[in-house]
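Survey of secondary and tertiary structure
Here are the chains, one letter per residue:
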Amino acid sequence: MGVPSSKNFYDEFAKTFPKMEGKRVAITGTTSGTGFAAADTIAGLGGELILFNRASSRAGAALNKLKEKHPEATITQIDCDLTSFASVRGAAKTYLSKFGGKGLDVLANNAGIMAFDSLVTEDGFDIQMQTNHLSHYLLTHLLFPELVIAERERGEARIVNHSSLARILLPYKLNKAYLQKTNGKDLGGNWTFPRYKRYQQTKLANSVFSTALHRQMKSKNLNIKILTAHPGVANTDLVKNTSAYDLLSSAGMGMMDRIVTTKQSQYDGALPLLQCITAKEVESGEFWGPRGDRPWGIPSKFPIEAASTNPDAVQMLIQEAMLRLASCCRSCRFSHSSSPPPLKGPPFCFP
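Presented here is a report on the structure given in the accompanying data block. Predicted model only: the values in this text are computed from it and were never measured.

Calculation rules
Residues numbered from 1 in each chain as written. Predicted model: local features only at pLDDT ≥ 70, side-chain atom pairs only at ≥ 80, totals over all residues. Heavy atoms only, no water. Helix = DSSP H or I, 4+ residues; strand = E, 2+ residues; numbered from the N terminus. Buried < 20%, exposed > 50% of the residue type's maximum accessible area, 1.4 Å probe, protein only. Contact = heavy atoms within 4.5 Å. Areas by Shrake-Rupley, 256 points an atom, 1.4 Å probe, with all protein chains shown as cover. Core = buried A, V, L, I, M, F, W, Y, C linked by side-chain atoms within 4.5 Å. Pairing = 2+ DSSP bridges. Axes fitted to C-alpha atoms, helices over the stretch in contact; angles between N-to-C directions. Parallel < 35°, antiparallel > 145°, perpendicular 65-115°, else oblique. Left-handed = near helix turned anticlockwise from the far one by under 90°. Nonpolar A, V, L, I, M, F, W, Y, C, P; charged D, E, K, R; others polar. Expected span 1.5 Å × (residues − 1). Arc of directions from axis to C-beta. Polar contact = N/O pair within 3.5 Å; in protein donor to acceptor, adjacent residues only side chain to side chain. Salt bridge = Lys/Arg side-chain N within 4 Å of Asp/Glu carboxyl O.

1. Some words on the overall build of the chain
The secondary structure content of the chain amounts to 12 helices and eight strands. The buried share among the 351 residues of the chain stands at 58%. Counted over contacts in the chain with a minimum sequence separation of 6, partners at least 24 positions apart contribute 81%. On the chain, roughly 14500 Å² of surface is accessible, and the fraction owed to carbon and sulfur atoms is 53%.

In structure tokens, the structure reads:
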């Protein structure tokens, strides 16, 4: 499934993005797909980039490609394996050693995996939930003081969570079990549907996380905009790299390939994410995706569905995340002389 050269929506819509000089933007998962397209675009707009990727030849090749295309851009890559909380802590420590006190204007939690086997991480969680949500939660927590600095010094900051159309798959409710530690067998095993159910739960967790953050920022009167995006269906490596790809190929994936290849490139799919990162007119709490929450099209905002704003789901997600990451967060307090005074209590803990 090669990436198409055509950009059905990107070329025209990208003309609306403002310049990003003076902005520091961190993005997870930029070796390919929408993450690479977003990084490429931000570099072209003059923004400074920090790329969080698992150390690999693909990550190195993507970094070199970006630097060759944008020799004037400031681009830093930091090793970050989202399947390991220790790696995330190390990545945050590296970031703060290089950029601490300078402020972070945008954190884009983009990286993700889809429909993997029921694998358990070294920390004991489902590999999809830890990669797609829990580690992003932790990274956001650790870099939060830098977002506060940017907000205080430059007027605003942003956190963008990348969700998916998959969030609306039935049954459409965030389930506590998927946020907890697993033995690798209690979340459905390796059948195709359980793989995608685990993915659906991670993408719903992304949008619920945005709701939680948005409410917390409002309560603290911080102009840190919380935004959510989904790419629709785009021609990226996300599907090709799933454990279920071979089965899907024999059960109609050829049709999906044709739809994806002709409708949206990785650059088209990155447009909602880029709108949330760059556009001046976006407001905290908004959800952006292809027009009408469809699989493809130019970005538009639309109402966030009840499953993503349900108070019980928000409370449960925060409680579970703080419980699972509590020891981790206590063990990695970073400080630097130019940081603002810490906020009272954990940034994402609700009473």
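2. Focus on the nonpolar core
Counting 52 residues, the largest nonpolar core has Phe52, Tyr95, Leu143, Leu147, Leu174, Ile224 and Leu317 as the members making the most contacts within it. For this core, the secondary-structure elements that each account for two or more residues are strand E2 (48–53), helix H4 (85–99), helix H5 (127–154), strand E5 (157–162), helix H6 (192–219), strand E6 (224–229) and helix H12 (311–330). Dropping the residues within four chain positions of it, Tyr95 is found in contact with Arg24, Ile50, Phe52, Ile78, Gly100, Gly103, Leu104, Leu143 and Glu146. Residues Ala39, Leu45, Leu49 and Leu274 belong to the second largest nonpolar core, which totals 35 residues.

3. Here's the deal with the pairing of strand E7 (residues 287–290)
Bridge count between E6 and E7: two bridges; the pairing is parallel. Looking at the pairing, Ala229 lines up with Trp288 of E7. Two strands pair when backbone bridges link them, and E7 and strand E8 (residues 299–302) are joined in this way by four bridges, in the antiparallel orientation. Each residue of the ladder has a partner; that of Phe287, found in E8, is Phe302.

4. Comments concerning the packing of H5 against H6
At a closest axis distance of 7 Å, the pairing of H5 and H6 adopts a crossing angle of 20 degrees. Classified by the angle between their axes, H5 and H6 sit roughly parallel to one another. Viewed along their axes, H5 and H6 form a crossing whose handedness is right-handed. Residue-level inspection shows Gln128, Met129, Asn132, His133, Tyr137, Thr140 and Phe144 of H5 in contact with H6, the latter providing Arg195, Arg198, Tyr199, Gln201, Thr202, Lys203, Ala205, Asn206, Phe209 and Met217. Taken together, the residues that form the contact of H5 with H6 break down as seven nonpolar, seven polar and three charged.

5. Structural notes on H4
Taking 1.5 Å per residue, 15 residues should reach 21 Å; H4 reaches 21 Å between its end C-alpha atoms and fits that length. Those residues of H4 not exposed but buried are Phe85, Val88, Ala91, Ala92, Tyr95, Leu96 and Phe99. Projected down its long axis, H4 shows its buried positions confined to an angular sector of 135 degrees, all on one face. For H4, the exposed residues lying more than 90 degrees away from the buried face are Lys93 and Ser97.

6. Describing the environment of Val106
By secondary structure assignment, the location of Val106 is in strand E4 (residues 106–109). We classify Val106 as buried; its relative accessible area is 3%. A sequence separation of 118 residues divides Val106 from Ile224, and the C-alpha atoms of the two residues are 9.2 Å apart. Setting aside anything within four residues of it in sequence, one finds Val106 in contact with Arg24, Val25, Ala26, Arg158, Val160 and Ile277.

7. Notes on the environment of Gln77
Its place among the elements puts Gln77 in strand E3 (residues 75–79). As a C-alpha pair, Gln77 and Thr30 span 47 residues in sequence and 9.7 Å in three-dimensional space. Beyond its immediate stretch of four places on either side in the chain, Gln77 contacts Leu51, Asn53, Ala59, Gly60 and Leu63. A polar side-chain atom of Gln77 sits 2.9 Å from a polar atom in the side chain of Asn53. Reaching out from Gln77, the side chain makes a polar contact with the backbone oxygen of Ala59 at a distance of 3.4 Å.

8. Focus: the side chain of Gln128
Within the fold, Gln128 resides in helix H5. The exposure class assigned to Gln128 is buried, which follows from its relative accessible area of 0%. Once you skip the residues sitting within four places of it in the chain, Gln128 turns out to touch Ile113, Met114, Ala115, Phe116, His133, Arg195, Arg198, Tyr199 and Thr202.

9. A closer look at the pattern of salt bridges
According to the stated counting rule, one finds 11 salt bridges in the structure shown. Note that Glu156 is salt-bridged to Lys225, the shortest N-O span being 3.3 Å. With a gap of 69 residues between them, Glu156 in the loop between H5 and E5 and Lys225 in strand E6 connect regions that are remote in the sequence. In this structure Glu156 comes out as buried when scored by relative accessible area, which is 18%.

10. Some words on the packing of H4 against H5
Taken N-terminus to C-terminus, the directions of H4 and H5 make an angle of 30 degrees; their axes are 10 Å apart at the nearest point. Judged by the inter-axis angle, H4 sits roughly parallel to H5. For the pair H4 and H5, the sense of crossing is right-handed. On H5, the residues that touch Phe85, Val88, Arg89, Ala92, Tyr95, Leu96 and Phe99 of H4 are Gln130, Leu134, Ser135, Leu138, Leu139, Leu142, Leu143 and Glu146. Taken together, the residues that form the contact of H4 with H5 break down as 11 nonpolar, two polar and two charged.

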